[in-house]
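Single-letter residue listing:
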Amino acid sequence: MCKSGHWSLAAKECKPEDLDGQVKEILDRLTDNIAIWEDLSQKYSIDLFCGIFMDKGNEGMNVSPKTLLELGSRGIVLSLDIYDGAD
């Protein structure tokens, strides 16, 4: 029998975007104990899904090394869905 499920948290919407701030907002609500995250990531798939809604084509954004390290040390995959705002 295959079991599945999920839990989710959301960050406040930001304009202009602040992906680093939004990731921090979510991680601040969770444990920073890396041993717990290692255990969780061995048992479950951990995915931080982000929808990026652009106002126009060819916009960009950055994710800081600190944010990437915070996610990576917890075994969290960063998934981005990018929506082009062009007509």
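Structure first, text after, so check above.
All of the points below concern the structure found in this document. Residue indices begin from 1 for each chain and proceed along its sequence in written order. Residue-level local features of this predicted model are given only where pLDDT is at least 70; pairs of side-chain atoms are given and counted only at 80 or more, and the full residue set underlies all totals for whole chains, interfaces and linings. Computation of side-chain values: all heavy atoms of the structure, hydrogens and water removed.

When a residue's accessible area, from a 1.4 Å probe over protein chains only, is under 20% of the maximum for its type it is buried; when over 50% it is exposed; and in between it is partly exposed. The helix and strand labels rest on DSSP assignments: H or I over at least four residues marks a helix, E over at least two residues marks a strand, and numbering proceeds from the N terminus. Buried within helix H1 (residues 19–27) we find Leu 19, Gln 22, Val 23, Ile 26 and Leu 27. Down the axis of H1, the sector holding all buried residues measures 135°, keeping them to one side. Think of it as the arc spanned by the lines of direction from the helix axis to the C-beta atoms.

Attention shifts here to unusual backbone geometry. The residue after Lys 15, namely Pro 16, is reached through a cis peptide bond having omega 0°. Note on placement: Pro 16 falls in the segment before H1.

On to a nonpolar patch on the surface. Every patch collects residues that have over 30% relative accessible area and no salt bridge, joining them within 9 Å if they carry like charges and within 5 Å if they are nonpolar side chains (Val, Leu, Ile, Met, Phe, Trp, Tyr). For the area figures, the Shrake-Rupley method with a 1.4 Å probe applies, and any residue is considered shielded solely by the protein chains shown. The term salt bridge refers to a pairing of a side-chain nitrogen on Lys or Arg with a carboxyl oxygen on Asp or Glu at a separation within 4 Å. On the surface, a cluster of nonpolar side chains totalling about 280 Å² of accessible area is made up of Ile 36, Leu 40 and Tyr 44. If you trace the backbone, Tyr 44 turns up in the loop between helix H2 (34–43) and strand E1 (47–53). What makes Tyr 44 exposed here is its relative accessible area of 54%.

Next up on the list: the pairing of E1. The side chains of a regular strand alternate between both faces of the sheet. The alternating pattern of E1 places Leu 48, Cys 50 and Ile 52 on a buried face, while none of Asp 47, Phe 49, Gly 51 and Phe 53, on the opposite face, is buried. One requirement defines pairing of two strands: DSSP has to find at least two bridges between them. Here E1 pairs with strand E2 (residues 77–83) via 7 bridges, running parallel. Bridge pairing links Ile 52 to Ile 82 in E2. A clockwise path from the first strand over the helix to the second, with the strands pointing away from the viewer, defines a right-handed crossover. Handedness of the crossover joining E1 and E2 through helix H3 (residues 65–73): right-handed.

Looking at where Arg 74 falls in the secondary structure, it is placed in the loop between H3 and E2. Counting of polar contacts relies on pairs of N or O atoms within 3.5 Å, with two restrictions inside protein: one atom must be capable of donating a hydrogen and the other of accepting it, and residues adjacent in sequence are counted only when both atoms are side-chain atoms. In terms of polar contacts, Arg 74 uses its side chain to reach the side chain of Glu 70, at 2.7 Å. Each residue touching Arg 74, except ones within four places of it in the same chain, is listed here: Leu 27, Thr 31, Asp 32, Ile 34, Trp 37, Ser 41 and Ile 46. For this analysis, residues touch if any pair of their heavy atoms sits within 4.5 Å.

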